[in-house]
Amino acid sequence: MGPEKKIETKFMRWVTSLGSKCLKMNPRGHKGQPDRMVVAPDGIILFIEFKVPGGDLTPLQAQFHKEMEALGHEVKVCRSVQDAQDYYKEKTGLFLRPGRGKTGITLAAFKILVKKKFIDKLFVVAPLRVCYQVWPKEIHKWQNFRDLSIGIVHGKNKEQVLEEDHDIYVINPEGLTWLRSWLKPKRHHWFFDNHKWMLCVDESSMFRNNSGRHRNLKSMLGNFYRRLILTGSPAPNGLMGLWGQLYILDRGTRLGSYITAYRNKFFYPSGYEGHD
């Protein structure tokens, strides 16, 4: 079995276990078409072409992809199982001014996704004040959210909170260092392994490029079936700060896997600190 086939087979087994169909495309009469068509719940259809790292599309494949794009369909080229899994998982950025209801929108979306059995737990990373004063109050403020339980992972009882059964867990960015260490022993892997998780990073602009906060969260991104970022000011100090936030969503698909590649592609050397 070749390397591309191994990637394809592993992804097929994974996505099938989630209840989706992963159909092999028949190349007869349509050379260049993608390897797989994924039929997911709610009428979602994805087209995936598997390639090894560094592998190029054939001219027929490139032409077929253009034809699909003209019809409004994307063909995603995936070079690893992780690439394909990230493409399957939903990623969303909600950029709204303060007071426009980002928390309420997220809670409503969470309940819908739980009802459809896409996810069953929500993990929120937010400033400490927001952990204590915003998320719990928003849940108790609206009747349709009052059935949700929330655990604040902070203070001397934070390990006990993780062992309790809550719908939502909230933690501040500084707590990620402790959580990362707590998750290392295999006896604690159950926390993420036993559920389908959605990640919400509230005030995502705090996650600056390659900061300690960003590195801690980066190591955990593979645990989440869906990822969401919230902020009212996505670029408070310039567009350079977008890379770290978008990486949380797509792990480098749009802006590159490294800040250096993002800087070199979208900026030119001049101005303040050498880049505009």
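Owing to the predicted nature of the structure, the values given are computational and were not obtained by experimental measurement.

Draft legend 1. Expanded view of the sheet that holds strand β2 (residues 36-40). Here we have four strands laid out as an open sheet, ordered β1-β2-β3-β4, and mixed in their pairing. If you trace the sheet from one side to the other, it starts and ends with β1 (21-24) and β4 (75-78), each paired once. Between one strand axis and the next, the sheet turns through 30 degrees on average, direction left out of account. The pairing of β1 with β2 spans four bridges and is antiparallel. Opposite Lys 21, over in β2, you have Val 39 as the bridge partner. Set on the sheet, helix α3 (residues 81-88) makes contact with β2, β3 (44-50) and β4; between it and β3 the angle comes to about 165 degrees.

Draft legend 2. Geometry of the pattern of salt bridges. Evaluated as defined, the whole model comprises five salt bridges. Between Glu 8 and Arg 36 there is a salt bridge; the shortest N-O distance is 2.7 Å. On the criterion of sequence distance, the pair formed by Glu 8 in helix α1 (residues 3-17) and Arg 36 in strand β2 is long-range, its members being 28 residues apart. Residue classification places Glu 8 among the buried positions, given a relative accessible area of 4%. Given a relative accessible area of 7%, Arg 36 falls into the buried group. Where Lys 111 meets Asp 147, a salt bridge forms, and the shortest distance between an N and an O atom there is 3.0 Å. Taken as a pair, Lys 111 in helix α4 (residues 102-115) and Asp 147 in the loop between α6 (135-141) and β7 (150-152) lie far apart in primary sequence, 36 residues in all. We classify Asp 147 as exposed; its relative accessible area is 55%. By sharing partners, the salt bridges in this structure join Glu 8, Lys 24 and Arg 36 into a single network.

Draft legend 3. Structural view of the packing of aromatic side chains. Following the criterion strictly, the structure yields 20 aromatic pairs and no others. Taking the centre distance of 5.6 Å and the plane angle of 85 degrees together, the rings of Trp 14 and Tyr 88 count as edge-to-face. Placement of Trp 14 in helix α1 and of Tyr 88 in helix α3 is noted, with a sequence separation of 74 residues between them. A relative accessible area of 16% means that Tyr 88 is categorised as buried.

Draft legend 4. Main features of the side chain of Glu 49. Relative to the assigned elements, Glu 49 resides in strand β3. The buried charged residue Glu 49 lacks any salt bridge partner; its closest oppositely charged side chain belongs to Lys 51, at an N-O distance of 4.5 Å. A polar atom in the side chain of Glu 49 sits 3.2 Å from the side chain of Gln 61. Not counting residues up to four positions away in its chain, the partners in contact with Glu 49 are Gln 33, Pro 34, Asp 35, Leu 57, Gln 61, His 65, Val 75, Lys 76, Val 77 and Cys 78.

Draft legend 5. A look at a nonpolar patch on the surface. Taken together, the side chains of Leu 23, Val 39 and Ile 45 present a nonpolar region at the surface, about 210 Å² in accessible area. Relative to the helices and strands, Leu 23 resides in strand β1.

Draft legend 6. Summary view of unusual backbone geometry. The backbone phi angle of Glu 203 is positive, close to 65 degrees, even though this residue is not glycine. Looking at the secondary structure, you find Glu 203 in the loop between β9 (197-202) and α10 (212-218). The residue Arg 251 is not glycine, and still its phi comes out positive at about 55 degrees. As for its position among the elements, Arg 251 is in the loop between α11 (242-250) and α12 (259-266). Residue class for Arg 251 comes out partly exposed when judged on its relative accessible area of 22%.

Draft legend 7. Representation of the nonpolar core in the model. In this structure, Phe 123, Leu 179, Phe 191, Leu 199 and Leu 217 are the most contacted members of the largest nonpolar core, which totals 33 residues. Of the residues forming this core, the biggest block, six residues, is contributed by α11. Once residues lying within four places of it in the same chain are set aside, the contact partners of Leu 179 are Phe 123, Leu 162, Ile 171 and Met 220. Formed by 23 residues, the second largest nonpolar core is a distinct cluster that contains Leu 107, Phe 110, Ile 139 and Leu 230.

Draft legend 8. Representation of the packing of α1 against α3 within the structure. Contact geometry of α1 with α3 gives a least axis separation of 9 Å together with a crossing angle of 35 degrees. Here the hand of the crossing between α1 and α3 comes out right-handed. Residue-level inspection shows Ile 7, Lys 10, Phe 11, Trp 14 and Val 15 of α1 in contact with α3, the latter providing Val 81, Ala 84, Gln 85 and Tyr 88. Here the contact of α1 with α3 is built from residues that sort into seven nonpolar, one polar and one charged.

What counts and what doesn't
Residues numbered from 1 in each chain as written. Predicted model: local features only at pLDDT ≥ 70, side-chain atom pairs only at ≥ 80, totals over all residues. Heavy atoms only, no water. Pairing = 2+ DSSP bridges. Helix = DSSP H or I, 4+ residues; strand = E, 2+ residues; numbered from the N terminus. Axes fitted to C-alpha atoms, helices over the stretch in contact; angles between N-to-C directions. Contact = heavy atoms within 4.5 Å. Salt bridge = Lys/Arg side-chain N within 4 Å of Asp/Glu carboxyl O. Buried < 20%, exposed > 50% of the residue type's maximum accessible area, 1.4 Å probe, protein only. Phe/Tyr/Trp six-rings, centres within 6.5 Å; stacked < 30°, edge-to-face > 60°. Lys, Arg positive; Asp, Glu negative; His and termini not counted. Polar contact = N/O pair within 3.5 Å; in protein donor to acceptor, adjacent residues only side chain to side chain. Patch = residues over 30% accessible without salt bridge, like charges linked within 9 Å, V, L, I, M, F, W, Y side chains within 5 Å. Areas by Shrake-Rupley, 256 points an atom, 1.4 Å probe, with all protein chains shown as cover. Core = buried A, V, L, I, M, F, W, Y, C linked by side-chain atoms within 4.5 Å. Left-handed = near helix turned anticlockwise from the far one by under 90°. Nonpolar A, V, L, I, M, F, W, Y, C, P; charged D, E, K, R; others polar.

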